[in-house]
Structure formats: structure tokens, C-alpha cells
Amino acid sequence: MSGLTSRHIISMDDLTAADITTVLDTAESFKEVNERRIKKLPTLRGRTIINLFLEPSTRTRTSFEIAAKRLSADAINMTGSASATVKGESLRDTAKTLSAMACDLIVVRHAYAGAPQVLTECMDAHVINGGDGRHQHPTQALLDLFTIRQHAGRLAGLRVGIVGDICHSRVAGSLVPALRTVGATPVLIAPPTLLPARPDVLGAEVAPSLDEALPELDVVYLLRVQMERAAGMPFPSLREYARFWGMNEARLSSARPELLVMHPGPMNRGVEISSAVADSPRAIVLDQVNAGVAVRMAVMYLLLGGEGGGAAA
Ligand code: CP
């Protein structure tokens, strides 16, 4: 049983508009728990949650672990270097092995798009995609929506500029459909070499430059330039990238006073975002991190049978 439409969260396709509202509203009550001195609820006592992270992570892995522990679940962390995958065990055999230990929910991060889907085919556990290759990172999109709603008071009607390495980005892969589902407008802003081949298929607007788009934006969402996924730099230099596509103080002066500056982390300071902007009051990057715990508590609670509303009573 799940408090959401689907029993897994692999992509934003698994979540209806009503599901998204349920997650965000449930996360509100868990955020309040996270502000208490004792940040713990008995809600998932006796449930077992495995974090299988076969790619590096700071924010996602840690926040899922904290979220599981705050709900009193037994949380087990596995990383690539500490698992039998380094001895050549296949993902399917790893999944079947963990399934035989009767885990209730698994969070997986993997370099290959589609790996979380494979787990759904060979495990009884609920599966949450913690980021798969260039495909999707749905809980990042949910925490981003939560953070925007907290600051702007709404989601529908907002214009959100997504800037940078869109074609390599699983964050953009989830954020674009998430924004569309809640009635916001995603605007893609990138050098042509970092745009997907058919941006129209995503249902997003495309702006020719950051300078042209910025005055009309409610949110500017800067993506990390992902050197590890690009075969060579797809632009002449980091300096040129920063000059044309980076968010800096000069550009802030042409934006709306209420513009929100977001970044999923980890940031390349001086490339997609200057230190002055990253450390300015406009940047809500650490609010995104904070929201990550509450949102991940909400999705685990809802997938494991909880219902929206009154979750933290
Ligand atoms: N935003 C994000 O996924 O960060 P990590 O790689 O640190 O988990």
C-alpha cells in the first residue's frame, strides 16, 4: 500500500499533481518536526530502509539517512566501494540479495539511467530514484518545488529559468516536468551545445540568453557544469561560460528584486554562480538542502503507507 499513486518514485511521471501537493503538504509537517529539539517520530519503527549509493553524493545520501532515522526506521547505507558490486556482482543480483533480507524501501543512486527501474523488476521493496545517470532525480525536484513554494507562496504561474548544462542534467530531467505539472513555466537557458536536441518535446520555453531572460524570471535555477559526464568541455572555456551564462552580481541588478537564486549543489563557484551571489540573501541553496530532509521524510512515509495530513501529529 502507498499513500501515493505509484508504489515507486522513479521519475516525475510517477507523481500526479495531487501526489505532488500531498508530498509538499506532508513535508510541511515534517519540517516543523525538524525544527523541534527532539527531531524524532516513531512513524516507521520496524521498517528497514537501504540507501544504495553507487555514485558519490553528499546531500541526497545524507538527507535520506537523516530522514529515515528521524522516522525511526532502521537505515542501512551501502556505497559502491563497500558493496559486492566491486567484485562484479550484477545490479539484479545485488537487488535480489537485498530483497531476500526483507527490506521495505530502497533508495538508489546509479551512474546508469534506468538502474532504479531494474530494481523495481527484481525486488518487492518500494524503490526511490536518488539520481540515475542523465535521466531523473525526482526528490530533488520535489524539494525544489517545496523551497520555491515556501519563498514565493505559490508555484502556478511562476517563470523558472533553468540555466546551463541541461542536456547532461538529471536535475533538469525532473525539474522541467515537475514545474509543468504544477502550472509553472520552465525556461531553458543554455549554450546550444548544452541544450537537448528537441527542447520543444520537453514542453519548455527556450531563451536565447540569460541577460534577455532574467528580467522576466521569478526564479533562476543554476545547474552545475558536469565535467564528469561531458566528453571534453562543450564550450570554449570556463571563463567564457561564466561570462555569458554565469550568475553574478552585475546580472542580479537587472533581475526582479524578489528573484530567487537556486542551485542543486554541489556548486562550481566562479563558473555557474559567483561567490558573491551564492552567499547573497537572494540565494536559497541551503534552504533547498534543509527542505531535502523534510521532503524525503514525506516520500518515505507516504510510500510506506502513510496518508497525507497530520503526519507529524
Ligand atoms: N543535489 C544533489 O543530488 O547533491 P548530491 O550529489 O550531493 O547528492
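The rules behind these values
- Residues numbered from 1 in each chain as written.
- Predicted model: local features only at pLDDT ≥ 70, side-chain atom pairs only at ≥ 80, totals over all residues.
- Heavy atoms only, no water.
- Near = heavy atom within 4 Å.
- Polar contact = N/O pair within 3.5 Å; in protein donor to acceptor, adjacent residues only side chain to side chain.
- Areas by Shrake-Rupley, 256 points an atom, 1.4 Å probe, with all protein chains shown as cover.
- Nonpolar A, V, L, I, M, F, W, Y, C, P; charged D, E, K, R; others polar.
- Domains from an automatic or database assignment.
- Buried < 20%, exposed > 50% of the residue type's maximum accessible area, 1.4 Å probe, protein only.
- Helix = DSSP H or I, 4+ residues; strand = E, 2+ residues; numbered from the N terminus.
- Pairing = 2+ DSSP bridges.
- Core = buried A, V, L, I, M, F, W, Y, C linked by side-chain atoms within 4.5 Å.
- Contact = heavy atoms within 4.5 Å.
- Axes fitted to C-alpha atoms, helices over the stretch in contact; angles between N-to-C directions.
- Parallel < 35°, antiparallel > 145°, perpendicular 65-115°, else oblique.
- Left-handed = near helix turned anticlockwise from the far one by under 90°.
- Lys, Arg positive; Asp, Glu negative; His and termini not counted.
- Salt bridge = Lys/Arg side-chain N within 4 Å of Asp/Glu carboxyl O.

Participant: In this structure, what is going on with the site of the ligand? I would like to understand it.
Facilitator: The ligand sits among S57, T58, R59, T60, R109, H137, Q140, P264 and G265. In this structure, an oxygen atom belonging to the ligand sits 2.6 Å away from a side-chain N or O atom of S57. At 3.0 Å from a nitrogen atom of the ligand is found a side-chain nitrogen or oxygen belonging to Q140. Bound to the protein, the ligand loses 91% of the 260 Å² it would expose on its own. Residue composition of the shell around the ligand, grouped by class: 1 nonpolar, 6 polar and 2 charged. Both domains that furnish three or more residues to the shell around the ligand are identified here as domain 1 (12-133 + 292-312) and domain 2 (138-288).

Participant: Honestly, the pairing of strand β8 (residues 219-222) in this entry has me stumped. Any pointers?
Facilitator: Every other side chain in a regular strand lies on the same face of the sheet, so the side chains alternate between the two faces. Here β8 shows a buried face lined by V219 and Y221 and a second buried face lined by V220 and L222. Both strand β5 (residues 159-163) and β8 contribute to a ladder of 4 bridges, which runs parallel. Residue pairing for β8: V160 is matched across the bridge by V219. In terms of strand pairing, β8 meets strand β9 (residues 260-262) through 3 bridges, oriented parallel. If you follow Y221 over to β9, its bridge partner there is M262.

Participant: Is there a simple way to explain the nonpolar core in this structure?
Facilitator: It is characteristic of soluble globular proteins that their nonpolar side chains tend to be buried jointly. Core analysis: the biggest nonpolar cluster contains 90 residues, and I162, I189, V220, M247, L259, V261 and M300 have the highest contact counts within it. With 12 residues, the single largest contributor to this core is helix α12 (residues 285-303). Here this core spans two domains, since at least three of its residues come from each of domain 1 (12-133 + 292-312) and domain 2 (138-288). Residue contacts for M247: discarding those within four places in its chain leaves L210, L214, V220, L222, L252, L259, E272, I273, S274 and V277. Ranked by size, the runner-up nonpolar core spans 17 residues in total, among them I50, M78, A115 and A125.

Participant: Hey, could you run me through the packing of helix α5 (residues 138-152) against helix α6 (residues 170-181) in this one?
Facilitator: As a packed pair, α5 and α6 sit with axes 8 Å apart at the nearest point and diverge in direction by 50°. Relative to α6, the element α5 lies oblique. Considering how the two elements wind past one another, α5 and α6 form a crossing that is right-handed. Of the residues in α6, those in contact with P138, Q140, A141, D144 and L145 of α5 are V171, S174, L175, A178 and L179. Residue composition of the contact of α5 with α6, by class: 7 nonpolar, 2 polar and 1 charged.

Participant: Teacher, can you tell me more about the sheet that holds strand β4 (residues 126-132) here?
Facilitator: The strands that make up a sheet are held in pairs by hydrogen bonds between backbone atoms, and each pair lies either parallel or antiparallel. On the basis of which strands lie adjacent, the open sheet formed by 4 strands has the order β2-β1-β3-β4 and parallel pairing. Taken across any chain shown, the strands that pair with only one partner, and hence form the sheet edges, are β2 (74-79) and β4. For this sheet the average axis-to-axis angle between neighbouring strands, irrespective of direction, equals 15°. Where strand β3 (residues 105-110) lies against β4, 5 bridges are found, and the strand directions are parallel. Residue pairing in the sheet places V108 in a bridge with N129 of β4.

Participant: Sorry if this is basic, but what is going on with the side chain of R109 here?
Facilitator: Take R109: it is sitting in strand β3. Despite its burial, R109 pairs with no opposite charge, the nearest such side chain being E55 at 4.8 Å. Reaching out from R109, the side chain makes a polar contact with the backbone oxygen of P56 at a distance of 2.9 Å. Contacts of R109, omitting those with residues within four sequence positions, involve L52, F53, L54, E55, P56, S57, T60, G130, G131, H137 and R170.

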